[in-house]
Amino acid sequence: MKVGYFGPAGTFTEEAASQLEGELAPYTTIPEVFEAVHSGEVDQGVVPLENSIEGSVGVTLDLLAHQYLLKIKREIILSISHNLLINPGAELKDIEVVYSHYQPLSQCRLFLEKMGVRTHATRSTAAAAEMIKGNKKAGAIGTRRAAQLYDLKIAAENIQDHENNKTRFVVIDQEDHAPTGKDKTSVVLCLSQDRPGGLYEILGEFANENINLTKIESRPSKEKLGSYIFFVDMEGHHKDLKIMNVIHRVRSKVGYIKILGSYPQEGDD
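A few points on the structure. (Residues numbered from 1 in each chain as written. Predicted model: local features only at pLDDT ≥ 70, side-chain atom pairs only at ≥ 80, totals over all residues. Heavy atoms only, no water.)

**Some words on the sheet that holds strand S13 (residues 213–220)**
Stage number 1. The strand order across the open sheet built from 4 strands is S13-S14-S12-S15, with neighbouring strands paired in antiparallel fashion. If you trace the sheet from one side to the other, it starts and ends with S13 and strand S15 (254–264), each paired once. Neighbouring strand axes in the sheet, compared pairwise and without regard to direction, differ in orientation by 15 degrees on average.
Stage number 2. Of the pairings in the sheet, the one linking strand S12 (residues 183–191) to strand S14 (residues 228–235) comprises 6 bridges and is antiparallel in character. In the sheet register, Leu189 faces S14, and the bridge partner there is Phe230.
Stage number 3. Sitting on the sheet, helix H3 (residues 58–67) touches S12, S13, S14 and S15, and the angle it makes with S15 is about 115 degrees.
Stage number 4. Sitting on the sheet, helix H9 (residues 241–251) is in contact with S12, S14 and S15, with an inclination near 160 degrees to S15. (Pairing = 2+ DSSP bridges. Helix = DSSP H or I, 4+ residues; strand = E, 2+ residues; numbered from the N terminus. Axes fitted to C-alpha atoms, helices over the stretch in contact; angles between N-to-C directions. Contact = heavy atoms within 4.5 Å.)

Okay, here's the thing in structure tokens:
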């Protein structure tokens with residue numbers, strides 16, 4: 001088994017991917033992970049889907065909806081603790097600029113404002129750690145593993161603005177997961193026309209079957225301004241009879257509906 005992930009080493013995505021059995025292979029971008037799974041270069045891929053503070057990762061949703069027929073096979077939820085990394089010999093008062101991925105920078109906004117530093121977004125937290133190596137005026141927001149990999153020290157721990165900070169990662173594969181009895185199904189759908197009560201009518205179909213929806217999110221369809229698609233997560237597996245029935249009914253009322261995958265449900269939602 002070979003597992004591709006949005007790298008490099010030292011990121012939270014690597015931490016999530018390490019929960020799977022197999023050889024880990026880092027990729028520079030999320031689209032590269034999708035392409036590696038699609039081409040068979042790796043067996044599975046691990047990418048971030050959403051954060052409890054900053055919301056969804058748009059590129060992951062768009063690739064699932066528009067470009068690939070890959071399925072979500074598993075979800076992995078990690079509690080996120082951000083650290084400020086600096087060089088040995090440097091002090092907190094020396095730091096003038098902090099580098100990290102845009103999401104950690106947003107998640108640590110209050111801490112950074114109190115420091116009074118400039119910020120610079122990088123492609124990943126690990127890339128930020130590598131970038132500051134040897135620069136005693138620069139810091140990076142990253143993981144403990146990144147500090148070890150790049151010989152940095154942790155100047156401050158748990159610097160995120162909110163304690164309940166979790167990121168949901170998904171494992172993408174050619175096929176989704178077999179039913180386990182405690183599953184979640186993700187779909188994307190588009191209304192056939194924009195009309196009053198259109199979405200309400202669709203959601204009513206799920207309510208009539210007593211199917212609990214755990215997430216509803218809209219994103220631009222990329223076809224025209226004001227046109228949206230909807231991502232819906234629900235409890236249950238797409239092979240469950242009541243979900244098969246409701247998807248059959250919904251399919252006749254929408255422009256399209258695509259099953260993104262069914263997989264074991266993590267956590268209490």
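Read on for the rest.
**Focus on the pairing of strand S9 (residues 138–142)**
Stage number 1. Of all 5 residues in S9, 5 are buried; the element is thus mostly enclosed.
Stage number 2. What you see with S9 is no split at all: Ala138, Ala140 and Gly142 on one side and Gly139 and Ile141 on the other are buried throughout.
Stage number 3. Pairing of strand S7 (residues 97–100) with S9 involves 3 bridges; the strand directions are parallel. Of the residues in S9, the one forming a bridge with Val97 is Ala138. (Buried < 20%, exposed > 50% of the residue type's maximum accessible area, 1.4 Å probe, protein only.)

**Some remarks on empty space enclosed by the protein**
Stage number 1. Tallied over the full model, the rule gives 1 cavity of 30 Å³ or more.
Stage number 2. Here the largest cavity defines a volume of roughly 60 Å³.
Stage number 3. Residue lining of the largest cavity: Leu49, Leu61, Leu64, Ile72, Arg168, Ser186, Val187, Lys215, Phe231, Val232, Asp233 and Leu260, and that is the complete set.
Stage number 4. Only H3, S12 and S14 provide two or more residues apiece to the lining of the largest cavity.
Stage number 5. Considering every element that reaches the lining of the largest cavity, the biggest residue donor is S14, with 3 residues.
Stage number 6. Split into classes, the residues belonging to the lining of the largest cavity amount to 8 nonpolar, 1 polar and 3 charged. (1 Å grid on protein atoms, 1.4 Å probe; cavity = no way out; pocket = protein on both sides within 12 Å on 5 of 7 lines; lining within 4 Å. Points joined across faces, edges and corners; volume = space filled by probe spheres on them. Nonpolar A, V, L, I, M, F, W, Y, C, P; charged D, E, K, R; others polar.)

**Focus: the nonpolar core**
Stage number 1. Formed by 27 residues in total, the largest nonpolar core has its most connected members in Ile30, Phe34, Leu64, Ile172 and Phe231.
Stage number 2. If you list the elements that add at least two residues to this core, you get strand S2 (23–27), helix H2 (30–39), strand S3 (44–51), H3, strand S11 (166–173), S12, S14 and S15.
Stage number 3. With 5 residues, H2 is the single largest residue contributor to this core.
Stage number 4. Residue contacts for Leu64: discarding those within four places in its chain leaves Phe34, Leu49, Leu70, Ile72, Ile172, Lys258 and Leu260.
Stage number 5. Counting 15 residues, the second-largest nonpolar core is a separate cluster that includes Phe206, Ile211, Val246 and Val250. (Core = buried A, V, L, I, M, F, W, Y, C linked by side-chain atoms within 4.5 Å.)

**Description of the side chain of Lys215**
Stage number 1. For Lys215, the location among the structural elements is in strand S13.
Stage number 2. Take Lys215: its relative accessible area is 12%, and that puts it in the buried class.
Stage number 3. At a separation of 3.2 Å, a polar atom in the side chain of Lys215 contacts the side chain of Glu217.
Stage number 4. For Lys215, the contacting residues outside a window of four places in its chain are Glu50, Ser56, Arg168, Phe231, Val232 and Asp233. (Polar contact = N/O pair within 3.5 Å; in protein donor to acceptor, adjacent residues only side chain to side chain.)

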